[in-house]
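Chain by chain, the residues run as shown.
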Amino acid sequence: MIYALLPAAVLGMVAYMFWRAAFGMRRERVRNQREATRGRHAFTRMHRARMLLQRAFGTPEDPVCEPELLERLGARRDT
């Protein structure tokens, strides 16, 4: 009976090691990405959901160059 449990125990330990390493690498990647993008895009789950809803249904932000482009367009229309 011990001979049947030994391979299962070893397989379970190896599977746990792989799972733990994969989980740790994912956590490290998420932490590094959040630290790299501190500012507008460092989110918790609720902040990310709020940002995505705002992007989907909110009013779009005006581009920085829009007033200058509108002035140029008005100048061409007048000439």
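Residues numbered from 1 in each chain as written. Predicted model: local features only at pLDDT ≥ 70, side-chain atom pairs only at ≥ 80, totals over all residues. Heavy atoms only, no water.

A. Spatial organisation of the overall build of the chain. In terms of regular secondary structure, the chain is built from 3 helices and 0 strands. In the chain, the succession of helices and strands from N to C terminus is α-α-α. Looking at the chain as a whole, 3% of its 79 residues qualify as buried. With an accessible surface of roughly 8000 Å², the chain has 63% of that area assigned to carbon and sulfur atoms. (Helix = DSSP H or I, 4+ residues; strand = E, 2+ residues; numbered from the N terminus. Buried < 20%, exposed > 50% of the residue type's maximum accessible area, 1.4 Å probe, protein only. Areas by Shrake-Rupley, 256 points an atom, 1.4 Å probe, with all protein chains shown as cover.)

B. View of helix α2 (residues 45-57). With 13 residues, α2 ought to run about 18 Å at 1.5 Å a step, and its terminal C-alpha atoms sit 18 Å apart, in line with that. The buried count for α2 comes to 1 of 13 residues, which makes it a mostly uncovered element. (Expected span 1.5 Å × (residues − 1).)

C. The pattern of salt bridges, seen in detail. With the rule as written, the count across this model stands at 2 salt bridges. Glutamate 28 serves as the salt-bridge partner of arginine 31, at 2.9 Å between the closest nitrogen and oxygen. Of this pair, arginine 31 and glutamate 28 both sit in helix α1 (residues 2-36), 3 residues apart, which is roughly one turn of the helix. Residues glutamate 68 and arginine 72 are paired through a salt bridge, measuring 2.8 Å at the closest nitrogen-oxygen approach. Here glutamate 68 and its partner arginine 72 are both found in helix α3 (residues 66-78), 4 residues apart, which amounts to about one turn of the helix. (Salt bridge = Lys/Arg side-chain N within 4 Å of Asp/Glu carboxyl O.)

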